[in-house]
Amino acid sequence: MRQLLYTIIAVFFFVSANCAVLDLSGQWTVRLDPQDEGINMQWPGKLYEQSLHLPGTTDDAGLGIPDTTSLGLGKTQLSNLIRRNSYIGAAWYSKEIKVPSNWKEKILVLNLERVIWQSRVWVDGVELPAAEESLVSPHHYDLTKYIRPGKQQVITICIDNRKKYDISVRDMAHAYTNQTQIIWNGVIGDINIEAYEKIRIDNMQIFPDVDAKKIRIKLSFINQDKRPQKLKLNLHVKSKRGAQCFPVLKKDVVVNKGISYAEYDYSMGDDVKLWDEFSPELYTLHAKLGNKSESVDYTDDFGLRKISTKGNELRINNKPLFLRGTLECAIFPLTGYPPMDHDGWEKVFMTAKNWGLNHLRFHSWCPPKAAFEVADRMGMYLQIELPIWSVDIEDKEQPQKFMREEGQRIIKVYGNHPSFCFWSMGNELQKDIPLINKIMSELKAEDSRHLYTTTSFTFEKGHGAWPEPGDDYFITQWTNKGWVRGQGVFNQYSPSFDKDYRTAVDSMPVPLITHEIGQYSVYPDLKEIEKYKGVLKPVNFLSIKQDLKEKGLLQKAESYLQSSGKLAAILYKEEVERALKTPGISGFQLLDLHDFPGQGTALVGLLNAFWESKGVIEDTTFREFCAPVVPLLRFKKASYYNNETFSADIEVSNYGKEKINNKKISWIIRQGQQIIKSGSCDVRSLLWGHNSNIGKIEVPLNEIDKAAQLQIELIIENTPFKNNWNIWVYPADQQINFGKVKYTRNYHEAFSLLQKGEIVLFNPDWKLLKGIEGKFVPVFWSPVHFPKQAGTMGVLCEPSHKALAMFPTESNTNWQWWDLNINSTTLIVDGLKGFTPVVEMIDNFANNRRLASLLEGKFGKGKFMLAAFDLQTDIQKRPVARQMLISLLNYMNGQDFNPSEQADFEKLTGMINDAKNENKADATSIY
């Protein structure tokens, strides 16, 4: 009775098509059907014993198979967040309804917003003839023949979330996956019955023409009456904000039986305001169809904007555009599905804007209308994709048909949104690329409001390194001339800040967007565990926490997070700046600003999966190098001797609201709070795009008499735009003083010297050490998803340790560590006793081993320092390694060097190739 009362008092209101609406949200009865018994057992038309709330899912209601996963570091635990209750199969939802008696002459349509995957509908046990199966748009059912207005009836919906078509490799496309969102069962958006007139406007597509300052309006009409009708059509545009007024366009139309179409031009006038990231101006188009006695209305919002290209330059409203983007992969760990309201998307887009972004790529899925509406208001440029991530689309007719149909639904439902700027057919598609290109070309011919690309990169042989025919823009990680992202170069080449990718993009015929740059893994933030109060269980985080606790390392978790995160931050900075320095690159798509909880727990973000900061870098700092206007510095290297000159060229990336005229750019070089040098240059004009040859910094470093980390800052005066970089300077004439320290690269010599009570710097040839390959960059993506990579996550040290007193460093890796890390082997020291780490390396969370590259200890009567990085080869040409050696010797020759614990030095024989061969003694000191 209560349920019936709830239905009777449901609220009615008018929406865009001037239809009354019966809201069906609330309590429904539900029955799971894992054995597909519902049809044979005649379940349609009945109410069931269990209940749940719609919009919602079976996961929300706690239905399905409960999770029983035990903690551990296996692939099951670390693959992704785990559903507390999981159900895949058919589920039946039933509810008593009563449609108002005055709807007898109406057309009645059931709307289900956002369903996975197929829905079927019955009224009083009678099935409607067609099933719906879109993953991107609402499911619609015409109930007119089945509804008896004023009478109580039972509506039944069967939703089957099993995979219908093979649209992705290992179910990783984010429209259908348990990697990020979950394969939920239910309805998560609006669920209602709309009452329409028999003659109505079915759809309205608005095509802006910025150059002509007009819009082209394409209307479709539906006439379910018995005869054609000649009616009046009034079209009127109103501003969403402000009192800007436009005339009413009046037309006579004949609406034939069935579906008919009409097109009209509507002038917006010279004072119309354009839509972009700086001024997201929106308008509403009102269409009224009817006669004097009755009419129907249809409204939709739009923005007047032109997204286009000029050669290899991306343009918005005929101005250069640079996309500062990140991915959105349906990551919403409380619900397991995307928000269907504005509040949820306001958090996403506002956070992205606060971090300097203007673009989101929806990887292998299309968001709901609420996302577009918020992006429209905030001026975000969106790339959406068909729900496809396939490596084998060829010779499969049904997936091809599904792609085309989903494309048509996207145009109809979301095409008017000005934020919908870019459209890719899917992620990293393979096999029949010409076929996919053909599907793209079909959509492009129908809807010219967006820019199109065949695929967001591909590994398909013969493709992926140059645009496909018909591509408006091109997304890639390399071209046939070289890399365009740092993952391909940062570990291979010593740090240099005068590099860009202009060679790789030379002669590129269309704008290029760099594909998924970053993917630098950050150690898990175990404080995040308490946030998982929804349908997903953080078994991965809990397993890592348990493992650290059992190994006595739990107290290091926060340090692991901070140090690995700060390394990722400096790498993201250089990734972004290289793209900004490259004429011919029109944007980047980060993977990712926030964490990706699937595919092996890919914690690659500076934000967590909830779009919240991890505290390793502030948004204000990130915006210094990721903003519409960014001061840039081009210089040769990170580390210098003090007999060198620091030389740098000043540049500015300007994709701001306007050109910048008559500004002074100041530069300051600091050591801590002390200003070492400063200067400025006057700039008459900063044009849109990349501005080079603005000014030069030339500073001799001879005044730096002690090893120091310096900061260079650029400031565009009287603007919020600034940026900074670090360099390291070391005295060139400083002597290497071994004093009483004995240096050796030979284990047996070290063993003998220690037994005699000597102080020993044991620096074995790192190529002979057994351990982990020394790397500068951290784990790529995930150590679970890609287990064969060298799996460290950066340096962790205590800068105040006396061994590092003459070696300026933070607690984390920075660019000066490159030489030492690359020329090293990281030691696994779990089995060693008496070795105290001075410089640790952070292990990946799939192993959580104790790792180190510099240790101290006592053996016999002697004391030692064990360095697993090269402190000998070409030492005069390697200022960082030379300075580390000097700092270690200074410490070891002093009174502070006093390790207390006795080390099991003999165990090192198992970590050094040939250490057991006593005749292998040719790697001794050259000092």
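A. Spatial organisation of the overall build of the protein. Along its length, the protein carries 12 helices and 52 strands. For 927 residues, the compact-globule formula gives about 30 Å, and the C-alpha radius of gyration of the protein, at 32 Å, lands near that figure. Considered along the principal axes of its C-alpha atoms, the protein spans approximately 105 × 70 × 45 Å. Sequence-distant contacts in the protein: of pairs separated by 6 or more residues, those separated by 24 or more amount to 73%. Summed over its atoms, the accessible surface of the protein is roughly 35,900 Å², and 48% of this surface lies on carbon and sulfur atoms. Across the protein, the centroid of the 111 positively charged side chains sits 2 Å from that of the 111 negatively charged ones.

B. Local environment of the sheet that holds strand 15 (residues 191–196). Taken together, four strands build an open sheet; the order of strands is 1-15-9-12 and the sheet is antiparallel. Here the strands that pair on one side only, and so sit at the sheet edges, are strand 1 (20–23) and strand 12 (139–142). Pairs of neighbouring strands in the sheet enclose a mean axial angle of 25 degrees, with direction left out of account.

C. Main features of helix 7 (residues 539–550). Helix length check: helix 7 (12 residues) gives 16 Å between terminal C-alpha atoms against 16 Å at 1.5 Å per residue, within 8%. Buried residues of helix 7: Val 539, Asn 540, Phe 541, Ser 543, Ile 544, Asp 547 and Leu 548, and no others. Those residues of helix 7 hidden inside the fold are in contact with helix 2 (75–79), strand 6 (82–83), strand 35 (536–537) and helix 8 (557–580). Phi turns positive, to about 70 degrees, at Gly 552, one or two residues after helix 7.

D. View of the packing of aromatic side chains. Throughout the structure, instances matching the rule amount to 52 aromatic pairs. For the pair Trp 184 and Tyr 337, a centre-to-centre distance of 6.0 Å together with 65 degrees between the ring planes defines the contact as edge-to-face. With a gap of 153 residues between them, Trp 184 in the loop between strand 13 (152–160) and strand 14 (186–187) and Tyr 337 in the loop between strand 26 (323–328) and helix 3 (342–354) connect regions that are remote in the sequence. Judged on exposure class, the residue Trp 184 and its partner Tyr 337 are both buried. Between Phe 490 and Trp 815, the aromatic rings sit 6.0 Å apart at their centres with planes inclined by 85 degrees, giving edge-to-face as the arrangement. One end of the pair, Phe 490, is in the loop between strand 33 (482–483) and strand 34 (512–518); the other, Trp 815, is in the loop between strand 48 (792–797) and helix 11 (818–822), and 325 residues separate them in sequence. Using a relative accessible area of 3% as the deciding quantity, one classes Phe 490 as buried.

E. Representation of the pairing of strand 2 (residues 26–33). Across five bridges, strand 2 lies against strand 3 (residues 50–54) in antiparallel orientation. Bridging from a neighbouring strand, Gln 27 pairs with His 53 of strand 3. The pairing of strand 2 with strand 8 (residues 90–98) spans five bridges and is classified as antiparallel. By the bridge assignment, Val 30 is partnered in strand 8 with Tyr 93.

F. Here's a closer look at the confidence of the model for the protein. On average, residues of the protein score 94 in pLDDT, and 97% of them are at 70 or above. Here residues 1–17 is a poorly scored stretch, pLDDT under 50, and it has 34 contacts once near neighbours within four places are set aside; other chains count.

G. Inspection of unusual backbone geometry at higher detail. Of the consecutive residues Ile 116 and Trp 117, the connecting peptide bond is found in the cis state with omega at -5 degrees. In this fold, Trp 117 is placed in the loop between strand 9 (107–112) and strand 10 (118–123). The omega torsion of the bond from Leu 591 to Asp 592 falls at 15 degrees, within 30 degrees of zero and hence cis. Even without being glycine, Arg 170 reaches a positive phi, approximately 50 degrees. Considering the arrangement of structural elements, one finds Arg 170 in the loop between strand 13 and strand 14. The phi torsion at Gln 599 lies on the positive side, around 50 degrees, for a residue other than glycine. For Gln 599, the position within the fold is in the loop between strand 36 (585–591) and helix 9 (619–625).

H. Structural context of the nonpolar core. Counting residues in hydrophobic clusters, the biggest one holds 198 residues, and the most contacted among them are Phe 349 and Phe 646. Here the element with the most residues in this core is helix 8; it accounts for 12 residues. If we ignore the near neighbours within four places in the chain, the residues touching Phe 349 are Leu 360, Phe 362, Ala 371, Val 374, Ala 375, Met 378, Met 380 and Leu 382. Judged by nonpolar contacts, the second largest core, of 31 residues, contains Leu 52, Leu 108, Leu 128 and Ile 157.

I. The environment of Glu 624, seen in detail. Relative to the helices and strands, Glu 624 is located in helix 9. We classify Glu 624 as buried; its relative accessible area is 14%. Once the C-alpha coordinates of Glu 624 and Asn 724 are considered, the two residues, 100 residues apart in sequence, prove to be 8.0 Å apart.

J. Just the pattern of salt bridges, in detail. Per the counting criterion, the structure on display carries 56 salt bridges. Between Glu 197 and Lys 106 there is a salt bridge, with the nearest N and O atoms lying 2.3 Å from each other. Separated by 91 residues along the polypeptide, Glu 197 in the loop between strand 15 and strand 16 (199–209) and Lys 106 in the loop between strand 8 and strand 9 bring together distant segments of the chain. One salt bridge connects Asp 547 with Lys 551, and the closest N-O pair in it is separated by 3.0 Å. A network of salt bridges, in which partner residues are shared, links Lys 214, Arg 216, Glu 263 and Asp 265.

K. Here's a closer look at the environment of Asn 726. When you line up the elements, Asn 726 lands in strand 44 (residues 722–730). Look at Asn 726 and you get buried, because its relative accessible area is 19%. Separated by 148 residues in sequence, Asn 726 and Asp 874 have C-alpha atoms that sit 24 Å apart. Those residues in contact with Asn 726 that lie beyond four places of it in its chain are Gln 709, Leu 710, Gln 711, Glu 810 and Asn 814.

L. Structural context of the environment of Pro 524. Tracing the backbone shows Pro 524 in the loop between strand 34 and strand 35. The exposure class assigned to Pro 524 is buried, which follows from its relative accessible area of 1%. Between the C-alpha atom of Pro 524 and that of Lys 545, which follows or precedes it by 21 residues, the distance is 9.3 Å. Here Pro 524 is in contact with Phe 541, Ile 544, Leu 561, Leu 603 and Phe 845, once residues within four sequence places are set aside.

M. Molecular detail of helix 6 (residues 433–446). Given a rise of 1.5 Å per residue, 14 residues ought to cover 20 Å, and the 20 Å separating the end C-alpha atoms of helix 6 matches this to within 8%. Within helix 6, the full set of buried residues consists of Ile 433, Leu 435, Ile 436, Asn 437, Ile 439, Met 440 and Leu 443. Contact partners of the buried residues in helix 6: helix 5 (397–414), strand 29 (420–424) and strand 30 (451–453). The backbone nitrogen of Leu 435 has a side-chain oxygen 3.1 Å away, supplied by the residue at the start of helix 6, namely Asp 432.

N. Local environment of the side chain of His 359. If you trace the backbone, His 359 turns up in strand 27 (residues 359–362). Overall, His 359 belongs to the buried group, its relative accessible area being 0%. Here Tyr 381 takes part through its backbone oxygen, which lies 2.8 Å from a polar atom of the side chain of His 359. Apart from the residues within four sequence positions on either side, His 359 is in contact with Leu 323, Arg 324, Gly 325, Thr 326, Met 380, Tyr 381, Leu 382, Gln 383, Phe 422, Phe 588 and Gln 589.

Conventions and cut-offs
- Residues numbered from 1 in each chain as written.
- Predicted model: local features only at pLDDT ≥ 70, side-chain atom pairs only at ≥ 80, totals over all residues.
- Heavy atoms only, no water.
- Helix = DSSP H or I, 4+ residues; strand = E, 2+ residues; numbered from the N terminus.
- Rg over C-alpha atoms; globule rule 2.2 N^0.38 Å.
- Contact = heavy atoms within 4.5 Å.
- Areas by Shrake-Rupley, 256 points an atom, 1.4 Å probe, with all protein chains shown as cover.
- Lys, Arg positive; Asp, Glu negative; His and termini not counted.
- Charge placed at Lys NZ, Arg CZ, Asp CG, Glu CD.
- Pairing = 2+ DSSP bridges.
- Axes fitted to C-alpha atoms, helices over the stretch in contact; angles between N-to-C directions.
- Expected span 1.5 Å × (residues − 1).
- Buried < 20%, exposed > 50% of the residue type's maximum accessible area, 1.4 Å probe, protein only.
- Phe/Tyr/Trp six-rings, centres within 6.5 Å; stacked < 30°, edge-to-face > 60°.
- pLDDT = per-residue confidence, 0-100.
- Core = buried A, V, L, I, M, F, W, Y, C linked by side-chain atoms within 4.5 Å.
- Salt bridge = Lys/Arg side-chain N within 4 Å of Asp/Glu carboxyl O.
- Polar contact = N/O pair within 3.5 Å; in protein donor to acceptor, adjacent residues only side chain to side chain.

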